[in-house]
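Descriptive structure summary
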Amino acid sequence: MFGIVRPCRHVMCKGLYADWMGHLCGLCLALRDEHGHLSRLVTNYDGLLVSVLTEAQSPTSTSRRRAGPCALRGFKGADVVESEGVRLAASVSLLLAAGKVSDHVADGDGVYAHRPVAAGATRLAGRWSSAGAAMAGTLGFDPTPLTAAADRQTLLERAPAQAPPGSSAAPGLRELTGPTEDAVAAAFAHTAVLAGKPHNREALEAAGRGFGKLAHLIDAVEDLADDRTSGAYNPLAATGTGLDEARRHCDAAHAELRAAVDELDMPRPSLTRALLVRETGSAVSRAFTIAGTHGPGHPPGDPGAPPGQRPPKQDPGGLLSLACAALTCCTCGLYRPAWDEDREGSFCERFDCSGYDCCGNCGNCCSCCPGEDGCCCDGCGCD
């Protein structure tokens, strides 16, 4: 639920990290204010990208409001985003969550295999879908690509049951990522409408398709081992796609995403570039490192892949895992158990900039932690 874009304090300027938190808290509070406390469970890191994109295209900073103390901020107040962009992010998050829950029910995953749980989850997904669609309507956004994505995905995933991988009747990897690409493209493109930049629409659609493909593939890579063990559907296994080939697809999608971002007219590009370019690149490296391969052209120590570290702690499963998952959810993903922190840490340790204010001390930061763009404080206004 929390997505592939998970900024780390060590590799993001303090100013940009604060801006990102403003969008995250704004999304959480928008969900609470319009749909009740339970809807805050759908707070989605990737979903808030539409809020970030909307502000990036605006000539002035999006309006903020002062939020009261929150445990996640050390019981401090904060200035959080309040805009149509954050409401679009809330709508997208509700629709994505509804589709995800419906997919779990359809597949009978885990606890969803039990009828009472499946029935309750189906009702909850219906409420979230209706709420997200209603909110989208107030913003002039057609939610059809998002609401139809889950059904399209289900049909594509069931097709291989009647056809062997590689046959003309079995969908290929491009087809399987299609619904996700279309959904994200539609959401990204509407930010141009909200920001009054219609000329950005084509580039935003391209960026959305690149990001949607990355999100789908990274999820498949991260779940591959578990899916093979449990017998659950996985697009890589279903299409006979190996990790090396999957890495090539991810690298190509990331290149397309970066090219599309470069075409955008954005008066305020810093946070967008940090999230959509650098953080997605980190997500690709992280996923394949955990999967046990750096991919072709990315040997250990290469800038495109983090060096080998100690083996990450394993999820113990059972009640402890469930409790930690619940705490992660209740803290919007800011808390992560040790086995999840190790995955992030293996990448972050290479660019440890703790103690530096990147924008205020650019020289030290740039020599300390060059990011994908050559400097972790790229775009902060320092030369």
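Residues numbered from 1 in each chain as written. Predicted model: local features only at pLDDT ≥ 70, side-chain atom pairs only at ≥ 80, totals over all residues. Heavy atoms only, no water.

Concerning the overall build of the chain
Quick reminder of the rule: Helix and strand definitions here come from DSSP, where helices need a minimum of 4 consecutive H or I residues and strands a minimum of 2 consecutive E residues; each element is numbered from the N-terminal end. Relative accessibility under 20% of the residue-type maximum defines a buried residue, over 50% an exposed one, and the middle range a partly exposed one, all with a 1.4 Å probe and only protein chains included. Residues are treated as being in contact if the distance between any of their heavy atoms lies within 4.5 Å. Computed with a 1.4 Å probe, the accessible areas rest on the Shrake-Rupley method; for each residue, only the protein chains presented here act as cover.
Across its full length, the chain holds 13 helices and 2 strands. A buried classification covers 49% of the 383 residues belonging to the chain. A sequence separation of at least 24 residues applies to 68% of the contacts in the chain between residues at least 6 apart. Carbon and sulfur atoms form 54% of the exposed surface of the chain, whose accessible area is close to 17,000 Å².

Topic: helix α3 (residues 84–107)
Note the following rule: What a helix is expected to span follows from its residue count: subtract one and scale by 1.5 Å. Pairs of N or O atoms are called polar contacts if they sit within 3.5 Å, as long as, within protein, a hydrogen donor faces a hydrogen acceptor (for residues adjacent in sequence, only side-chain-to-side-chain pairs).
An ideal rise of 1.5 Å per residue puts 34 Å on 24 residues; α3 measures up with 35 Å between its terminal C-alpha atoms. With a side-chain oxygen lying 3.3 Å from the backbone nitrogen of Gly-85, the N-terminal cap of α3 falls on Ser-83. Downstream of α3 by a residue or two, Gly-108 has a phi angle that is positive, lying close to 65°.

Some remarks on the confidence of the model for the chain
We count it as follows: Each residue gets a pLDDT score, which is the predictor's confidence in that residue and runs from 0 to 100.
Confidence along the chain averages 79 in pLDDT terms, with 72% of residues attaining 70 or more. Of all helices and strands in the chain, the one with the weakest mean pLDDT is helix α13 (residues 362–368) (38), whereas helix α9 (residues 243–263) scores best (96). The low-confidence segment residues 298–312 (pLDDT under 50) makes 26 contacts with residues lying over four places distant or belonging to another chain. A low-confidence stretch, residues 341–383 (pLDDT under 50), is modelled with 81 contacts involving residues beyond four sequence positions or located in other chains.

Notes on the nonpolar core
Which entries qualify depends on this criterion: Residues belong to a common nonpolar core when they are buried Ala, Val, Leu, Ile, Met, Phe, Trp, Tyr or Cys residues joined through side-chain atoms within 4.5 Å.
Trp-20, Phe-188 and Phe-211 are the most contacted members of the largest nonpolar core, which totals 84 residues. Looking at which element gives the most residues to this core, the answer is helix α7 (residues 201–230), with 11 residues.

What to know about the packing of helix α5 (residues 144–158) against helix α6 (residues 173–195)
Going by this rule: Only the stretch in contact is used when fitting a helix axis, every axis being a line fitted to C-alpha atoms; angles between N-to-C directions are given from 0 to 180 degrees. For classification purposes, an angle smaller than 35 degrees is called roughly parallel, one larger than 145 roughly antiparallel, one from 65 to 115 roughly perpendicular, and anything else oblique. Three categories are distinguished: nonpolar for Ala, Val, Leu, Ile, Met, Phe, Trp, Tyr, Cys and Pro, charged for Asp, Glu, Lys and Arg, and polar for the others, with Gly belonging to the last.
Put simply, α5 and α6 touch, their axes get as near as 9 Å, and they point 175° apart. Classified by the angle their axes make, α5 and α6 are roughly antiparallel. For the pair α5 and α6, contact is made by Pro-145, Leu-146, Ala-149, Arg-152, Gln-153, Leu-156 and Glu-157 and by Glu-175, Leu-176, Gly-178, Pro-179, Thr-180, Asp-182, Ala-183 and Ala-186, respectively. Grouping the constituent residues of the contact of α5 with α6 by class yields 8 nonpolar, 3 polar and 4 charged.

Side note on α7
Threshold: Bend, at a single residue, is the angle you get between axes fitted to the 7 residues ending at that residue and the 7 residues starting at it.
Look at α7: 41 Å from first C-alpha to last across 30 residues, which is about the 44 Å you get at 1.5 Å a residue. Along α7, the sharpest kink reaches roughly 55°, centred on Leu-224. Directly beyond the C-terminal end of α7, a positive phi value near 80° is found at Gly-231.

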